[in-house]
Amino acid sequence: MSALICEVVYRGIFQKNLAARIVRGIVLSARKADRWGIAFGRYGDSPQRNGIPAKDFAIVADTKEELEQNMARYEPKHVDVTIVVDDTLSKGVESWAWYGLQPINKLTVPNGTVLMTSLQSFDSLLKDIHKKDAPYNLALLRAKASFAGLWVYREDHTEVRILGALAKIAPSFLTLDAVCEAIKESDWGSDLKVASARKAYDRIENRQVAITEGNDEIPFSFEMPKWWEMREGVTIPAIPVGKPKEAGKGYVPERNPYFKKYTTRTMRPVIDFDTCVKCNLCWISCPDSVFDVMPDGTFDAAMEACCGCGVCEAVCPVENCITMVNEQAFSDNNSQWEMWRADKAGYKTWLGAKIADKVTTARSHGFRFRGQYEEELKTELDTGGVEITTGIPGENAAHKSV
Amino acid sequence: MAVETKAAPAAGADKELLISGSEAVAEALTLADIDVVTAYPIRPYDTVMQAIAKKISGGQLQAEYIVAEGEHSQFEIVKHASTVGARVFCGSSGVGWAYAMECLVVTPPLRVPMIALVGNRALDDPGAFGVEHNDALFVRDLGWMLCWVDTSQEALDTTLIAYRVAEDRRVFLPLAISADGAFLTHSQAITMVPPKEKVDRFLPRYNRGDLLLHPDNPITVAPQANEDWVIEIRRQNDEAMKRASAVVEEAYADFRKVFGRGPENPWFEEYMTEDADVILVGMGTISLPMKVGIRNMRAQGKKVGLLRLRWFRPFATEKVVAVLSKAKAIGVVDRDYSFGSPFNAGVVATEIRAAMYNADTRPPLLSFIGGLGGREVTLEDVYKATDLCYSAANSGKSDAKTHWLGVRE
């Protein structure tokens, strides 16, 4: 009697088809050895919303009864493999319902595996992934976050690479041959995809992570209120009026103490305070009231409230003043304005480096020719460039300079 | 904020008026000085909206009178008005009430103390005007308080009590008063209308308090929530409905003090139940043939009584059980149906069976369906039901059937 439980952590809407294919592929592969399985999503998550972290699950078991035992809860509380298809999620996950930050490895069992698509190094990722009280394996599949499979985008084989890698991680449940057979039979399968899965099986990089390794930040959390503590009538209090930034100048709004958006973001705005013309457009346009008014009339972006939508960059009339850059380039949520105030020259250098950092900026929007993955992989790993497939953020970043 | 109508009628003794149940409700609404009323015509409820319009045009009541484009909007408008502190009224009948269903559903969780009059009417099809109770019973599981009135006087008094109960901060739930179409809504009877001064002593102004939607009290009402919040919200409604029972008793006690009339037991009327072998149960105007039938049967030595339910939600389980446990047989006459339910009975019979399940003494219970679509429930129907109950009393066993009264067969 045994079971394999996997979660797939993904970005809402862009990766929902990708995640669904992976969990279906797991069940269909395991079925080749007469196992039973189920694939489902966490219903309370919001797979239809832009960039929101969401989860799908796959459970496979030797018997129907054992499958039921593992299904008799809303979602698995422990998983053998955590599959992460966007490495910006290594900072942790907040469900759409926002009950605090869940470290990405939280549900992973001791000596289980976190399987992630990433172009970053193990050490770089472990700056973001929280420490865990048990050792586990970090397995990397070299790829950028895939937005392929979302209606308008072409295929990029990410789903089959994950399945091929999983055959290496859990061979007693999914043999490589079974995975290949299931891929070939599925309506999105092909011989080329089978070849991609086999290559991924060989190429996966694995490293054990000790309990001493990782980000030692204590994840943000809060207690859910009891029914009698909640305000009646399905009402919630409004956020109180804010205060001046300092010495009666500027304005910083109060913010919801529970509702944080740290992990909603894949991008964040960086601001050149020297070129800001104080036009207010970012402040007016931001749907999340992210911009705090500074005493000098410029606007600082509060990272606890920013979901990374990029409206501020789009409305900013000044070339190079607000730039969306990859969230993965940051390990804190500190105030940019304070950094700028303390050291203007140093800030300029920092800002230029963030904008120029294009290593992981782009997302995969599918392939245009055979062999593109191999070419990109080499280019990206060797030079940090994004020559072939650039996503929208990369396109914006290209003309940015400081 | 609720605005008080300035021109209040002069204080003094009760006025005696010959008015219908609908007009009695309008008298009560005038005395309660409602702020916002919405209307959309459907028989028999439309008699109430006409009576209110007349009150406003006559200058006796100052209120916003909004004719909506349908029942859905009608109930939405008062829901919103209530959240900004207005005392509100609306109502409907039959399929009109059904058309408002989405708005009826959201009112209890938002804790809106809306008072509605349901002029009970058969549901389409066939298009029919006569009384059936299935319309109001749509909302029986949703957090609406439900009561049935029998006379014009009771309609007037219950409307005043309804505001007192629903607008109590411990409750804040909507309340529907059911009045049998035609038999009550269109029948004029001598009714005592109390002076405004007494009503003011009984009924405080509506205070929305911490739930008031106002710039000075910034709140968000009805955000989306997922499974991690919903059960707590349902539990809050459960508690409000439980608290309503005590508030109902307080309100009736105060009503008796201020007005010098009204029942000691808010929940149901008992008629000759004290020594009864057979107790019949019904709601609304069906009490009339039952009472007359009971008097006739008593003259023949049959000890029959009536329990007429006023309040269906909250349901006075313990009190109902205490009375019915003493009988040798119970006969519930439903003016509604619940097709495919246990024993194919009506709603009230099913509820009373459930209430009796934990009773120490469980007399045989027989279920009847009668008077549908406004058909007369005859004395013969009452005698027939009672005879069947006596058979069950003698055998000590229910026939586990539902008998249709007055159906051509």
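Going along each chain's sequence as written, the residues are numbered from 1 onward. All chains are assigned letters beginning at A, and all ligands numbers beginning at 1, according to the order in which they are written. Since the coordinates come from a predicted model, pLDDT governs what is reported: local features require at least 70, and pairs of side-chain atoms require 80 or more to be given and counted, while whole-chain, interface and lining totals use all residues.

Explain the interface of chain B and chain A to me, please; I cannot follow it from the model alone.
Interfaces are often described in size by the accessible area the parts lose on coming together. Throughout, a residue-residue contact means that the two C-beta atoms, derived from backbone geometry, are no farther apart than 7 Å. With 18 residues of chain B at the interface, the matching set in chain A holds twelve residues. Elements with a contribution of two residues or more to the side of chain B that touches chain A: β9 (219–221) and α9 (227–259) of chain B. Class assignment for the residues of the side of chain B that touches chain A results in ten nonpolar, three polar and five charged. Taken together, the three bridges between strand β8 (residues 235–237) of chain A and β9(B) define a ladder with antiparallel strand orientation. For Ile236(A), the partnering residue across the bridge sits in β9(B) and is Thr220(B). Numbering goes from the N terminus for both helices and strands, where a helix is a DSSP run of H or I of at least four residues and a strand is a run of E of at least two. When residues are grouped by polarity, Ala, Val, Leu, Ile, Met, Phe, Trp, Tyr, Cys and Pro land in nonpolar, Asp, Glu, Lys and Arg in charged, and all others, Gly among them, in polar. When DSSP finds two or more bridges between two strands, those strands count as paired.

What is the right way to look at the nonpolar core in this model?
One broad rule of soluble globular proteins: the nonpolar side chains tend to lie buried together. Residues and elements named next belong to chain B. Within the largest apolar cluster, 122 residues are counted, with the highest numbers of intra-cluster contacts made by Val88, Val165, Leu175 and Val281. The greatest single-element share of this core, amounting to eight residues, is contributed by helix α7 (residues 152–166). Each of domain 1 (15–259) and domain 2 (268–404) gives at least three residues to this core. With residues up to four places along the chain from it excluded, the contact list for Val165 reads Val171, Leu175, Ala244, Val247, Val248 and Ala251. Defined on buried residues, the nonpolar core groups Ala, Val, Leu, Ile, Met, Phe, Trp, Tyr and Cys residues joined through C-beta atoms within 7 Å. The burial criterion counts other C-beta atoms lying within 10 Å of a residue's C-beta, which is placed from the backbone; the residue is buried at 20 or more, exposed at 12 or fewer, and partly exposed between these limits. Segmentation of the chain into domains, including their bounds, is taken from an automatic or database domain assignment.

What is the right way to read α7(B) from this model?
Since one α-helical turn is 3.6 residues long, residues separated by three or four positions face the same way. For a helix, the expected span equals 1.5 Å multiplied by the number of residues minus one. Across its 15 residues, α7(B) extends 21 Å between first and last C-alpha, which sits within 8% of the 21 Å expected from 1.5 Å per residue. In terms of burial, α7(B) is a largely internal element, 14 of the 15 residues being buried.

What am I meant to see in the domain arrangement of chain A here?
Residues and elements named next belong to chain A. When its domains are assigned, chain A resolves into domain 1 (3–209) and domain 2 (267–357). Put simply, the middle of domain 1 and the middle of domain 2, counted by C-alpha atoms, are 34 Å apart. Across the side of domain 1 that touches domain 2, the residue classes tally to no nonpolar, two polar and three charged.

What am I meant to see in the pairing of strand β3 (residues 64–67) of chain B here?
For a regular strand, side chains alternate in direction, first toward one face of the sheet and then toward the other. Residues and elements named next belong to chain B. Here strand β2 (residues 36–39) runs beside β3; their pairing, made up of four bridges, is parallel. By the bridge assignment, Ala39 is partnered in β3 with Val67. Every crossover in which the path from the first strand over the helix to the second runs clockwise, viewed with the strands pointing away from the viewer, is termed right-handed. Taken together, β2, helix α2 (residues 46–57) and β3 constitute a β-α-β crossover, and its handedness is right-handed.

What am I meant to see in unusual backbone geometry here?
It is generally the case that most residues other than glycine have a negative phi and that most peptide bonds are trans. Each neighbour pair has its own omega, and for Arg43(B) with Pro44(B) the value is 0°, a cis peptide bond. With respect to the secondary-structure elements, Pro44(B) resides in the loop between β2 and α2. The amide bond that connects Asp125(B) to the next residue, Pro126(B), takes the cis arrangement and shows omega of 0°. Phi at Lys278(A) is positive, roughly 60°, even though this residue is not glycine. In this structure, Lys278(A) sits in the loop between β9 (267–271) and α7 (281–285). Positioned with a positive phi, Ala182(B) is a non-glycine residue whose angle comes to about 70°. With respect to the secondary-structure elements, Ala182(B) resides in the loop between β7 (175–180) and β8 (188–193).

Would you mind showing me how to read the confidence of the model for chain A here?
Residues shown with low pLDDT carry predicted positions that ought not to be read at fine detail. Per-residue confidence from the predictor is reported as pLDDT, which spans 0 to 100. This prediction gives chain A a mean pLDDT of 87; 88% of its residues lie at or above 70. Considering only residues more than four positions removed or in separate chains, one finds that residues 383–397 of chain A, a stretch of pLDDT under 50, has 35 contacts.

What exactly am I supposed to notice about the confidence of the model for chain B here?
Per-residue confidence for chain B averages 95 on the pLDDT scale, and 97% of its residues sit at or above 70. Across the interface, the model reports ipTM at 0.87; the global pTM reads 0.87.

Even after reading the chapter, I still don't get the sheet that holds strand β11 (residues 278–283) of chain B, so can you show me in this structure?
Note: strands within a sheet are paired through backbone hydrogen bonds, in either parallel or antiparallel orientation. Residue and element names in this part refer to chain B. Ordered in space as β10-β12-β11-β14-β15-β16, the six strands form an open sheet in which the pairing is mixed. Lying at the two open borders of the sheet, with one neighbouring strand each, are β10 (268–271) and β16 (402–404). On average, adjacent strands in this sheet sit at an angle of 20° to one another, irrespective of strand direction. Between N-to-C directions, angles cover 0 to 180 degrees, with each direction set by a line fitted to C-alpha atoms, over the stretch in contact for helices.

Honestly, the packing of helix α4 (residues 158–169) of chain A against helix α5 (residues 176–185) of chain A in this entry has me stumped. Any pointers?
Between two packed helices, what matters for the description is the angle formed by their axes and the separation of those axes. Residues and elements named next belong to chain A. For the pair α4 and α5, the least separation of the axes is 8 Å and the interaxial angle reads 160°. The angle between α4 and α5 places the two elements in the roughly antiparallel class. In the crossing of α4 with α5, the sense of the turn from one axis to the other is right-handed. Residues Val160, Leu163, Gly164 and Ala167 of α4 pack against Leu176, Val179 and Ile183 of α5. Angles are sorted into four bins: roughly parallel if under 35 degrees, roughly antiparallel if over 145, roughly perpendicular if 65 to 115, and oblique for all others. Left-handed describes a crossing whose near helix is turned anticlockwise from the far helix through less than a right angle; right-handed describes the clockwise counterpart.

Please clarify how the domain arrangement of chain B should be interpreted in this entry.
Residue and element names in this part refer to chain B. Taken domain by domain, chain B holds domain 1 (15–259) and domain 2 (268–404). Of note, the centres of domain 1 and domain 2, computed from C-alpha atoms alone, are 28 Å apart. The partner domain 2 presents 19 residues to the 26 residues of domain 1 that form the contact. Looking at the side of domain 1 that touches domain 2, the elements that each hand over two or more residues are α6 (134–137), β6 (145–149), β7 and α9. Considered class by class, the residues forming the side of domain 1 that touches domain 2 number 16 nonpolar, six polar and four charged.

Explain the sheet that holds strand β5 (residues 108–118) of chain A to me, please; I cannot follow it from the model alone.
All names here are of chain A. With mixed pairing, the seven strands of this open sheet are ordered in space as β2-β3-β1-β4-β5-β6-β7. At either margin of the open sheet sits one strand with a lone partner, and together these are β2 (36–41) and β7 (205–209). Mean inter-strand twist for the sheet, computed between neighbouring axes without regard to direction, equals 20°. Sheet analysis places strand β1 (residues 3–11) next to strand β4 (residues 79–84), joined by four bridges and oriented parallel.

What is the right way to read α4(A) from this model?
Residues and elements named next belong to chain A. With twelve residues, α4 ought to run about 16 Å at 1.5 Å a step, and its terminal C-alpha atoms sit 16 Å apart, in line with that. Among the twelve residues that make up α4, eleven are buried, leaving the element largely enclosed by the rest of the structure. For α4, every residue scored as buried is listed here: Thr158, Glu159, Val160, Arg161, Ile162, Leu163, Gly164, Ala165, Leu166, Ala167 and Ile169. Elements in contact with the buried residues of α4: α1 (16–31), β4, β5, β6 (136–142), α5 and α6 (191–203).

I'm lost on the environment of Val9(A) in this one. Help?
Residue and element names in this part refer to chain A. Examined against the element boundaries, Val9 turns out to sit in strand β1. In this structure Val9 comes out as buried when scored by C-beta crowding, with 26 C-beta atoms within 10 Å. Val9 sits 345 residues away from Lys354 along the chain, and the two C-alpha atoms are 26 Å apart. Excluding anything up to four places from it in sequence, Val9 contacts Pro53, Lys55, Thr82, Ile83, Val84, Leu89, Val93 and Ile104.

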